[in-house]
Amino acid sequence: MPPTPATPSTPSSPADPPSRTPLSSARVVSALRAAGCVFAEDEAELILATARCAEEAASMVDRRVAGLPLEQVLGWARFHGLRITVETGVFVPRRRTEFLVDQALAAAPEAGVVVDLCCGSGALGAALAAALDGAEVHAADIDPAAVRCARRNLAAVGGRAHQGDLYDALPAGLRGRVEVLTANVPYVPTAEVPLLPAEARDHEPLVALDGGADGLDVLRRVAAGAHEWLAPGGCLLTETGEHQAAAAGEVLTRAGLTTRLAVSEELYAHVLIGVRPLTGVRP
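Conventions used here
- Counting restarts for each chain, with residues numbered from 1 along the sequence as it is written.
- pLDDT decides what is reported in this predicted model: residues at 70 or higher carry local features, side-chain atom pairs at 80 or more are listed and counted, and totals for whole chains, interfaces and linings draw on all residues regardless.
- The side-chain values count all of the structure's non-hydrogen atoms but skip hydrogen atoms and water molecules.
- Starting at the N terminus, helices and strands are each numbered in turn, a helix being any DSSP run of H or I of at least four residues and a strand any DSSP run of E of at least two.
- A 1.4 Å probe rolled over the protein chains alone gives each residue an accessible area, and that area as a share of the maximum for its type sets the label: buried under 20%, exposed over 50%, partly exposed in between.
- Note on contacts: a residue pair qualifies if any of its non-hydrogen atoms lie within 4.5 Å across the two residues.
- All accessibility values rest on the Shrake-Rupley procedure with a 1.4 Å probe; residue burial counts only the protein chains present in the view.
- Lys and Arg are tallied as positive, Asp and Glu as negative. Neither His nor the chain termini are counted.
- Here the site of a charge means NZ on Lys, CZ on Arg, CG on Asp, or CD on Glu.
- By convention in these notes, a salt bridge is any Lys or Arg side-chain nitrogen within 4 Å of a carboxyl oxygen on Asp or Glu.
- Comment: axis = line fitted to C-alpha atoms, over the contacting stretch for helices; angle = value between 0 and 180 degrees taken between N-to-C directions.
- Any angle between 65 and 115 degrees counts as roughly perpendicular, while under 35 counts as roughly parallel, over 145 as roughly antiparallel, and the rest as oblique.
- In this scheme, a crossing is called left-handed if the near helix is turned counterclockwise away from the far one by less than a right angle; it is called right-handed if the turn is clockwise.
- Charged residues are taken to be Asp, Glu, Lys and Arg, nonpolar residues to be Ala, Val, Leu, Ile, Met, Phe, Trp, Tyr, Cys and Pro, and polar residues to be all remaining types, Gly included.
- Within this scheme, the nonpolar core is defined by two criteria: the residues are buried Ala, Val, Leu, Ile, Met, Phe, Trp, Tyr or Cys, and they are joined through side-chain atoms within 4.5 Å.
- A strand pair is defined by DSSP finding two or more bridges across the two strands.
- Assignment of crossover handedness uses the view with strands pointing away from the viewer, where a clockwise path from the first strand over the helix to the second indicates a right-handed crossover.

For the protein, the helix and strand inventory stands at 10 helices and nine strands. Taken over the C-alpha atoms alone, the protein extends approximately 80 × 40 × 30 Å along its principal axes. When the 283 residues of the protein are sorted by exposure, 51% land in the buried category. Pairs at least 24 residues apart make up 62% of the contacts formed inside the protein by residues separated by at least 6 positions. Accessible area for the protein stands at about 13200 Å²; split by element, carbon and sulfur atoms hold 54% of it. Distance from the positive charge centre (24 side chains) to the negative charge centre (34 side chains) of the protein: 4 Å.

Here it is as structure tokens:
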């Protein structure tokens with residue numbers, strides 16, 4: 001087991017108890033490096049800048065050394081220029097998913113109604129609400145802890161978060177009006193979940209990771225309802241794995257959406273974009 005960071009065992013004087021002795025950056029870096037944190041210096045700087053007192057800093061270092069994701073230790077994650085609140089046990093938004101936000105904004109730069117399904121912390125919805133002036137933004141997730149975070153993150157930008165299973169959580173009045181529908185669905189095949197990094201496997205909810213036998217179970221359900229909820233010309237955007245992209249694209253195509261794949265080599269991100277045709281009915 002990685003060592004925990006050292007703390008003074010005795011006070012240097014009655015006026016200087018160990019609980020109030022600030023942790024030095026060098027000590028934090030040493031503890032994090034010993035625990036295998038590759039970016040120990042950067043993480044130490046973030047922890048010390050976030051902690052409100054020495055006791056909190058020491059607790060944060062202990063939790064990071066124990067393997068908790070840095071963002072859950074800090075209580076926030078940086079995403080698309082925003083500080084997104086993240087609780088322990090809530091899926092941490094990935095930097096590569098910023099590419100999905102950029103693709104949504106490129107596809108519908110004046111979208112007035114946005115829905116973020118499988119929203120987790122609400123990072124996608126918050127980023128789109130911040131970028132789209134005056135848009136009506138809704139987010140939904142089945143996990144109560146995720147919805148608590150999403151409500152906090154969306155409140156700051158005028159959005160709303162709902163708890164429930166996919167479309168069942170949404171206000172009925174959104175049917176046929178959604179111009180941008182993001183769905184960062186779980187897409188890891190069940191057999192591959194044990195192969196994920198420990199930070200995800202041990203500290204993020206399984207419901208946010210496990211996409212079923214082929215990783216496409218939740219996507220199929222999202223795609224099946226997309227035609228009903230999207231406005232004509234509205235688009236569904238979802239992240240997928242490179243090896244799943246073709247099969248995931250077929251799922252959207254079979255649901256009656258005109259589908260294309262956008263790829264960022266820099267972020268190793270693969271985003272499928274499915275557009276509801278302006279005319280015609282769902283096949």
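We are not done yet, so read on.
A separate point is the side chain of Gln244. Mapping Gln244 onto the fold places it in the loop between β7 (230-239) and α10 (245-254). Note on Gln244: relative accessible area 4%, which makes it buried. Apart from the residues lying within four places of it in its own chain, the contact partners of Gln244 are Tyr187, Pro189, Asp214, Gly215 and Leu216.

It is worth spelling out the pattern of salt bridges at this point. Tallying each qualifying case throughout the model produces 14 salt bridges. Across the salt bridge formed by Arg221 and Asp165, the nearest N and O atoms sit 2.6 Å from each other. Remark: Asp165 occurs in the loop between β5 (160-163) and β6 (178-183) and Arg221 occurs in helix α9 (residues 217-229); sequence separation between them is 56 residues. You can call Arg221 partly exposed: its relative accessible area is 42%. Judged by relative accessible area, which is 29%, Asp165 ranks as partly exposed. A salt bridge links Arg175 to Glu228, with the nearest nitrogen and oxygen atoms 2.6 Å apart. Remark: Glu228 occurs in helix α9 and Arg175 occurs in the loop between β5 and β6; sequence separation between them is 53 residues. Sharing partners across several salt bridges, the network here consists of Glu43, Arg64 and Glu199.

Turning our attention to the packing of helix α1 (residues 25-34) against helix α3 (residues 54-65). Where α1 meets α3, the axes come as close as 9 Å, and the angle between the chain directions of the two elements is 15°. Between α1 and α3, the angle is such that the two are roughly parallel. As α1 runs across α3, the sense of the crossing is right-handed. Counting all contacts with α1, which are made through Val28, Ala31 and Leu32, the residues of α3 involved are Val61, Arg64 and Val65. The residue makeup of the contact of α1 with α3, split by class, is five nonpolar, no polar and one charged.

This next bit is on the nonpolar core. If you look at the biggest cluster of nonpolar residues, it comprises 39 residues, and the most contacted ones within it are Phe79, Val114, Leu128, Leu154, Val180 and Leu237. Of all the secondary-structure elements, those providing two or more residues to this core are β1 (76-79), α5 (98-107), α6 (123-131), β4 (136-141), α7 (144-155), β7 and β9 (269-275). The contacts of Leu237, once residues within four sequence positions are left out, are Leu100, Gln103, Ala104, Val180, Leu181, Thr182, Ala183, Val271, Leu272 and Ile273. Core analysis: the second largest hydrophobic core is formed by 29 residues, Val113, Val222, Ala223 and Leu236 among them.

Another point: the packing of α5 against α6. Where α5 meets α6, the closest approach of the two axes is 10 Å, and the angle between their N-to-C directions is 40°. Compared by their axis directions, α5 and α6 come out oblique. Crossing geometry of α5 relative to α6 is assigned as right-handed. Across from Leu100, Val101, Ala104 and Leu105 in α5, the residues of α6 making contact are Leu124, Ala127, Leu128 and Ala131. Of the residues contributing to the contact of α5 with α6, the split by class is eight nonpolar, no polar and no charged.

Taken in spatial order, the seven strands line up as β5-β4-β3-β6-β7-β9-β8 in an open sheet, and their pairing is mixed. At either end of the open sheet lies a strand with only one pairing partner, and these are β5 and β8 (258-264). Averaged over all pairs of adjacent strands, the angle between their axes in this sheet comes to 20°, without regard to strand direction. Taken together, the five bridges between strand β3 (residues 113-117) and β4 define a ladder with parallel strand orientation. Each residue of the ladder has a partner; that of Val113, found in β4, is Glu136. Seen against the sheet, α7 touches β4 and β5 and runs at an angle of roughly 170° to β5.

Within the secondary structure, Ser121 sits in the loop between β3 and α6. Beyond its immediate sequence surroundings of up to four residues, Ser121 is in contact with Ile84, Thr85, Val90, Phe91, Pro93, Ala146, Cys149, Ala150 and Asn153.

Judged from the four bridges that link them, β4 and β5 form a sheet pairing that is parallel. Residue pairing across strands places Ala140 opposite His162, the latter belonging to β5. In this view, the connection linking β4 to its parallel neighbour β5 by way of α7 has right-handed handedness.

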